[in-house]
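# Secondary and tertiary structure notes
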Amino acid sequence: MISDIIKWVIVFMGSLILQTSFVPIITVAGIKPDLLMVALFFFSIKYGVMPGIFVGFALGLGQDLYSPSLLGQNALTKTIAGAFIGLFNERMMRSDPFIKTALLFVAFLIHDALYFIIQIIKLGDPIATLFAGLFVKSLPRALYSIVFAVLFYIWELIPKPAIRK
Amino acid sequence: MQWIIRFFVSHRNLTSLCATVVASFLMLSSNPGQQQNIARLLTYSVFYPFQFYFTQTTRIKNVFAENRSLKNEIAGLSVRVAQLSECGKENDRLTGMLSISQQYPYTLVPARVVVRDPSFVSRSAIINVGKDQGILPYMPVMTGRGAAGKIIQVMGRMSLVQLMLDPANRTSVMVQRSREIGILETDNGDDFFIMFRAHADVNVGDTIITSGLGGIYPRGLLAGQVKKLTENRDPIFKKAIISPEVNFDRLEEVFVIKLPPQWASFKQELDSLETISAKGTAQP
């Protein structure tokens, strides 16, 4: 249990560090992957709704504090995304990597749609921002992030030597 | 009370979601000042350990960048220090040369050695003054310490100097103390010697100066010191081993003494005599 907590803390911290240091290097035409979201996806799909909610909230809040966005904006979107992904956790249903990837894609769209809706309400941006943002930013970002999720699945598929306990 | 707890436990997912969503909405709906306060509170209380870790990571990243930039700076400064050190040494040398040029009653043309001939056969150097500066062949060349050689070829802005190291070079010298005259020569460019008559008054440690009789060097330039006296196979002579005054390995700046050879005025007569003697030998 403790080792799991330590492992996930390392995963989230690593994602945060990579997001701020490595991701800007691999930005393509202003589109950059959201490694925190990918990490949240793997966490929520493993542990379910409630851990997904709290971890999503904490990650979102952390992101809000360290990025020039509205306080609570990422917290809310990541909470909802964590809860949504948690609904399809591995304890409830077994799904193949393809379904999981599609789920991640949908989670991304929900996350970004909520993000833009909050922006429209709070900052008074035009409604067109939602659609433009979803098509121009969210879709490519979701696809780019999925590449990293797929890499993780490929790594999972590689046969590893059995460890004798 | 119990039913509330039971409700929360049985609907823990829903209550968690509601709690976090409400908290998010509260943060979103607060004014910028309150948001700032909440952010400050969260940063200093909950996120401080993470922030500390994050800051350390960023600092490490900065340390790497700073290290790289400092290394570059050190490399640049090392070059600069070397340049300044070189300038300082050059300044010392030039100051010394300036005082030398005031010591001698001749017109001295300062020059820099630009090329050294590394061959063992002809020990020569090229200096950066030539015909344009009024340099003529057979003008003597000296350093701050003493005689160094003579000009043997002159170009526009360069001259070839035959150093005293050259085995073909012979210099008329004398012992400063006893005025005994001899020829300073070398066989290999390393060991200088003078052959004196066996009864000549020469001691180890005597200073050797140019005699001014060779027609090239003026009298009184330092040439070296007697290091050792050896008996020659021929009992009529004794050999004085000389340590030269000039360090030829570190020859950088020199002076050309603007003194044409003393036989220059009657060079034409000498040439004509040579021609006559050549014709005389050619006739059967």
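Residues numbered from 1 in each chain as written. Chains lettered and ligands numbered in written order. Predicted model: local features only at pLDDT ≥ 70, side-chain atom pairs only at ≥ 80, totals over all residues.

### Let's talk about the overall build of chain B
Keep this limit in mind: Only runs of H or I of at least four residues qualify as helices and only runs of E of at least two qualify as strands under DSSP, and these elements are numbered from the N terminus. Partly exposed residues are those falling between the two cut-offs: more than 12 but fewer than 20 other C-beta atoms within 10 Å of their own, whereas 20 or more means buried and 12 or fewer means exposed, with C-beta atoms placed from the backbone. By the convention adopted here, residues make contact when the C-beta atoms placed from their backbones lie within 7 Å.
The number of helices and strands found in chain B is 5 helices and 12 strands. Across the 284 residues in chain B, those meeting the buried criterion constitute 23%. Pairs at least 24 residues apart make up 55% of the contacts formed inside chain B by residues separated by at least 6 positions.

### Observations concerning the interface of chain B and chain A
Convention followed: Charged means Asp, Glu, Lys or Arg here, nonpolar means Ala, Val, Leu, Ile, Met, Phe, Trp, Tyr, Cys or Pro, and polar covers whatever is left, Gly included.
With 19 residues of chain B at the interface, the matching set in chain A holds 21 residues. Counting residues per element, the side of chain B that touches chain A draws most heavily on helix α2 (residues 12–29) of chain B, which supplies 9 residues. Split into classes, the residues belonging to the side of chain B that touches chain A amount to 10 nonpolar, 7 polar and 2 charged.

### So, the nonpolar core
Basically, it comes down to this: A set of buried residues drawn from Ala, Val, Leu, Ile, Met, Phe, Trp, Tyr and Cys, joined through C-beta atoms within 7 Å, is what defines a nonpolar core.
Counting 41 residues, the largest nonpolar core has B:A148 and B:V256 as its most contacted members. Once residues lying within four places of it in the same chain are set aside, the contact partners of B:A148 are B:V141, B:M142, B:T143, B:L163, B:M164, B:V246, B:L251 and B:V254. Residues A:F41, A:V55, A:A58 and A:L76 belong to the second largest nonpolar core, which totals 37 residues.

### Observations concerning the pairing of strand β6 (residues 171–175) of chain B
Residues and elements named next belong to chain B. Convention followed: Pairing between two strands requires that DSSP report at least two bridges joining them.
Across the 5 residues of β6, 4 count as buried, placing the element largely inside the fold. Sheet analysis places β6 next to strand β7 (residues 181–186), joined by 4 bridges and oriented antiparallel. In the strand pairing of β7, V173 is matched with G182. Where β6 hands over to β7, the hairpin turn is made up of 5 residues, of which R179 adopts a positive phi near 60 degrees.

### Remarks on the sheet that holds strand β5 (residues 159–163) of chain B
All names here are of chain B. Going by this rule: Axis angles are defined between N-to-C directions and span 0 to 180 degrees, where every axis is a line fitted to C-alpha atoms and, for a helix, only to the segment in contact.
Within the closed barrel, the 6 strands sit side by side as β1-β2-β5-β4-β3-β12. Their pairing is antiparallel. Strand-to-strand twist in this sheet, taken as the mean axis angle between neighbours without regard to direction, amounts to 45 degrees. With 5 bridges connecting them, strand β1 (residues 108–116) and strand β12 (residues 253–257) associate as antiparallel partners. By the bridge assignment, R112 is partnered in β12 with E253.

### Quick look at the packing of helix α1 (residues 2–21) of chain A against helix α2 (residues 35–47) of chain A
Residues and elements named next belong to chain A. Note the cut-off: Should an angle fall under 35 degrees it is taken as roughly parallel, and over 145 as roughly antiparallel, whereas 65 to 115 is taken as roughly perpendicular and any remaining angle as oblique. By the definition used in this description, the sense in which the near helix is turned from the far one sets the handedness, with an anticlockwise turn below a right angle giving left-handed and a clockwise turn giving right-handed.
In the contact formed by α1 and α2, the axes pass within 8 Å of each other and the chain directions differ by 160 degrees. Overall, the two elements α1 and α2 adopt an arrangement that is roughly antiparallel. As α1 runs across α2, the sense of the crossing is right-handed. Side by side, α1 and α2 meet where W8, V11, F12, S15, L16, L18 and Q19 of the first sit next to L35, L36, A39 and F43 of the second. Broken down by class, the residue content of the contact of α1 with α2 amounts to 9 nonpolar, 2 polar and no charged.

### Quick notes on the confidence of the model for chain B
Condition: Known as pLDDT, the predictor's confidence for each residue is given on a scale from 0 to 100.
Scored by pLDDT, chain B comes out at a mean of 83, with 90% of its residues at no less than 70. Overall fold confidence for the complex sits at a pTM of 0.47, while the interface term, ipTM, reaches 0.79.

### Let's talk about the sheet that holds β7(B)
Residue and element names in this part refer to chain B. Here 6 strands make up a closed barrel; going around it, the order is β6-β7-β8-β11-β10-β9 and the pairing antiparallel. The sheet shows a mean angle of 40 degrees between the axes of neighbouring strands, direction not considered. Two elements, strand β10 (residues 222–231) and strand β11 (residues 237–244), share 7 bridges in a ladder whose sense is antiparallel. Residue E231 lies in a different strand from β11, and its bridge partner there is K238.

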